[in-house]
Amino acid sequence: DMGVSDEVKLRCRKIREEYKDARRYTRQLKRDLESRVLPPLFEIRDSGGGFDEEQLELLEHWIDELDEFETRIMHFCGMILTQYNELLSDEYSGNTIPGRSTLTSILEKLKQKLWIEKRGISDDSSLFSILLELREEVKSVEAQLVAAQGAYDRLTS
């Protein structure tokens, strides 16, 4: 250590910490993987360590189902964002600046979301949680519209 510069020592310590973090993460992934229980259909039946024909067909079926589900969800998100962009363009063309509502922030998060997430993204920012937030906000807006219509009806009668 005497002939090595402080910069090299500092870099080595940093790399060692990154390595330890990566090892911890790998161990956590292994524990998570071991804790998952697959249905009996997915247990490896033959001694060769591979899947039999029935298992492969079942896996292919579920992969196709997930692909179709992804397509439907992304189409749904695209339609929502198209409507949102039209709404914004209408508001901006009318020279009114929209307020920063909860619905607007949810739609902004949805605009930035991808189907496949990178490692380390929290559950709070997952596509599923954003869609749940959107659902709750749409219910809230719908209740506000019903209340406003009811107030209008009472005023006109």
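The rules we used
Residues numbered from 1 in each chain as written. Predicted model: local features only at pLDDT ≥ 70, side-chain atom pairs only at ≥ 80, totals over all residues. Heavy atoms only, no water. Salt bridge = Lys/Arg side-chain N within 4 Å of Asp/Glu carboxyl O. Helix = DSSP H or I, 4+ residues; strand = E, 2+ residues; numbered from the N terminus. Buried < 20%, exposed > 50% of the residue type's maximum accessible area, 1.4 Å probe, protein only. Axes fitted to C-alpha atoms, helices over the stretch in contact; angles between N-to-C directions. Parallel < 35°, antiparallel > 145°, perpendicular 65-115°, else oblique. Left-handed = near helix turned anticlockwise from the far one by under 90°. Contact = heavy atoms within 4.5 Å. Patch = residues over 30% accessible without salt bridge, like charges linked within 9 Å, V, L, I, M, F, W, Y side chains within 5 Å. Areas by Shrake-Rupley, 256 points an atom, 1.4 Å probe, with all protein chains shown as cover. Lys, Arg positive; Asp, Glu negative; His and termini not counted. Charge placed at Lys NZ, Arg CZ, Asp CG, Glu CD. pLDDT = per-residue confidence, 0-100. Core = buried A, V, L, I, M, F, W, Y, C linked by side-chain atoms within 4.5 Å.

Visitor: I keep staring at the pattern of salt bridges and nothing clicks. Help me out?
Guide: A side chain with one charge may pair with a side chain of the opposite charge, provided their charged atoms come close. According to the stated counting rule, one finds 2 salt bridges in the structure shown. A salt bridge links Arg 24 to Asp 21, with the nearest nitrogen and oxygen atoms 2.6 Å apart. Of the two residues, Arg 24 and Asp 21 both sit in helix α1 (residues 6–35), 3 residues apart, roughly one turn of that helix. The exposure class assigned to Asp 21 is partly exposed, which follows from its relative accessible area of 43%. A salt bridge links Arg 135 to Glu 136, with the nearest nitrogen and oxygen atoms 3.6 Å apart. Note on Arg 135: relative accessible area 45%, which makes it partly exposed.

Visitor: In this structure, what is going on with the packing of helix α3 (residues 102–112) against helix α4 (residues 127–156)? I would like to understand it.
Guide: For any two helices packed against each other, the geometry comes down to the angle between their axes and how far apart the axes lie. Axis separation between α3 and α4 bottoms out at 10 Å; the angle between their running directions is 155 degrees. Taken together, the axes of α3 and α4 lie roughly antiparallel to each other. Both α3 and α4 take part in a crossing whose hand is left-handed. Residue-level contacts link Thr 102, Leu 103, Ile 106, Leu 107, Lys 109 and Leu 110 of α3 to Leu 127, Ile 130, Leu 131, Glu 133, Leu 134, Glu 137 and Val 141 of α4.

Visitor: Please explain a positive patch on the surface as it appears in this structure.
Guide: A cluster of basic residues, Arg 23, Arg 27, Lys 30 and Arg 31, forms a positive patch on the protein surface. Residue placement: Arg 27 occurs in helix α1.

Visitor: Honestly, the confidence of the model for the chain in this entry has me stumped. Any pointers?
Guide: Detailed reading of predicted coordinates is not advised where the pLDDT is low. Residues at a pLDDT of 70 or more form 73% of the chain, whose mean pLDDT is 77. Counting contacts from residues 95–100, a segment whose pLDDT is below 50, to residues more than four positions away or on other chains yields 7 contacts.

Visitor: Help me understand the nonpolar core, please; the structure alone is not making it clear to me.
Guide: Judged by nonpolar contacts, Ile 73, Cys 77, Ile 80, Leu 81, Tyr 84, Ile 106, Leu 107, Leu 110, Leu 127, Ile 130, Leu 131 and Leu 134 together constitute the single largest core of 12 residues. Those elements that place two or more of their residues in this core are α2 (53–93), α3 and α4. For this core, the element with the highest residue contribution is α2, accounting for 5 residues.

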